[in-house]
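Next come the chains, spelled out residue by residue.
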Amino acid sequence: MDFPPDVNPLTGEKVEDVRVLERRPLAIKISNSPPIVRPQAGLSFADLVFEHYAEGGVTRFTAVFLGHDAEKVGSIRSGRLIDLEIPAMYKAMFAYSGSSGGVKERIRNADFFPDRVISPDFGVGAPVFVRIPAEGKAFEHTLFTSTQALWQLTEQRGLNQRQDLRGMVFSESPPAGGQPARYVEIPYAASPAAWEYDEALGKYRRFTDGQVHTDELTGEQLTAANVIVVYANHVETDILEDMVGGGHYSIEIQIWGEGPVTIFRDGLMFQGVWKRWAREEMLTFWDAQGNPIPLKPGNSWFQLVPLDFQIRVTE
């Protein structure tokens, strides 16, 4: 899908200032565990958010920013193998706090290293990343950044130019064939997520661990125009992430090729197939007849789940 120069290709929405689209996207790693890290800062300003299993049943986010700035983003946590894919898909800078030895070597060998990597792992600290202590929060949950700081560093590296981000398809009206879906639960083992459709708002409202999930910057509940459940092969690797409970190993989430997808928009559910056949292609979505499944203009949350995962949908 081709977009007018004033339309954000990641949301399908017009922007007030076209200059924001002349910069490179940012992919930022954000914690979701333990619950004390909530409310996170800046998630409501992201165009796209990917939630995925890290290890031990907990989830973590990679948030992609282009159309909006956020004065505070975090807490920033360590990268995972999924982050070899997301910066490639969106031609993004990748900002994160560090990684295990095995993941660090994979990032070191990635095609976007070193220019598009922003991390203390590779010598980037203050003022791009800052510690903001808070009572009850462990040291590893106190690292934050801002989109302004990240884009300033991107500018200094000579990389802050508009990118070709064609691939997503949007439509104000939902396609035919949707099934009613007012409430969606994604029962991740340690951090279950849920979305409830708000008809007046025209978006889904987010809950985590049975609680309203808010953004620290706004105090408001997180919402999404589209909730996209991506079923993908999850493979446990030999990369050791921690020694808790005998140790946990890094998971490779294989978002290449194709697989099942369930898309929620406008209070409706659509079944289809996701495809990604080249490294710099983003995920695209297709119905059984081979037609693109359009998203609603606005932000999207991607819920990455194993192939045998069971979500719960209430009409």
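As shown above, the structure is provided for reference.
Not measured: the values here are computed from a predicted model.

What counts, and where the lines are drawn
Residues numbered from 1 in each chain as written. Predicted model: local features only at pLDDT ≥ 70, side-chain atom pairs only at ≥ 80, totals over all residues. Heavy atoms only, no water. Core = buried A, V, L, I, M, F, W, Y, C linked by side-chain atoms within 4.5 Å. Buried < 20%, exposed > 50% of the residue type's maximum accessible area, 1.4 Å probe, protein only. Helix = DSSP H or I, 4+ residues; strand = E, 2+ residues; numbered from the N terminus. Contact = heavy atoms within 4.5 Å. Phe/Tyr/Trp six-rings, centres within 6.5 Å; stacked < 30°, edge-to-face > 60°. Lys NZ or Arg CZ within 6 Å of the ring centre and 35° of its normal. Pairing = 2+ DSSP bridges.

Enquirer: What's the story with the nonpolar core in this structure? I'm lost.
Expert: Within the largest apolar cluster, 88 residues are counted, with the highest numbers of intra-cluster contacts made by F50, Y90 and F285. When residues of this core are assigned to their parent elements, the largest contribution, seven residues, is made by strand β15 (residues 226-242). Dropping the residues within four chain positions of it, Y90 is found in contact with L10, P25, L48, F50, V64, L165, M282 and F302.

Enquirer: It is not clear to me how the packing of aromatic side chains should be interpreted in this structure. Could you clarify?
Expert: Think of a pair of aromatic rings as described by two things: how far the centres are apart, and how the planes are tilted against each other in angle. Following the criterion strictly, the structure yields twelve aromatic pairs and no others. Taking 5.8 Å as the distance between ring centres and 45° as the angle between the ring planes, the aromatic pair formed by Y188 and F309 counts as tilted. Taken together, the positions of Y188 in the loop between β10 (183-186) and β11 (193-198) and F309 in the loop between β20 (300-306) and β21 (312-314) put the pair 121 residues apart, joining distant regions of the chain. Taken as a pair, Y188 and F309 share a single burial class, namely buried. Every member of this aromatic cluster is reached through a ring pair, and the members are F50, Y90, F285 and F302. Here K72 stacks its cationic end above the ring of F144, 4.5 Å away from the centre of that ring. Between K275 and the ring centre of W286, over which it is positioned, the NZ or CZ distance is 5.7 Å.

Enquirer: Looking at this model, I keep getting lost on the pairing of strand β12 (residues 203-208). Mind explaining?
Expert: Put simply, side chains in a regular strand alternate between the two faces of the sheet. Two strands pair when backbone bridges link them, and β11 and β12 are joined in this way by six bridges, in the antiparallel orientation. Looking at β12, one finds that E196 is bridged to R205. As consecutive antiparallel partners, β11 and β12 are separated by four residues, and within that stretch G202 has a phi angle of approximately 75°, a positive value. Pairing of β12 with strand β14 (residues 223-224) involves two bridges; the strand directions are antiparallel. Counterpart to Y204 in the pairing with β14 is A224. The pairing of β12 with strand β13 (residues 211-212) spans two bridges and is classified as antiparallel. Bridging across to β13, F207 finds its partner in V212.

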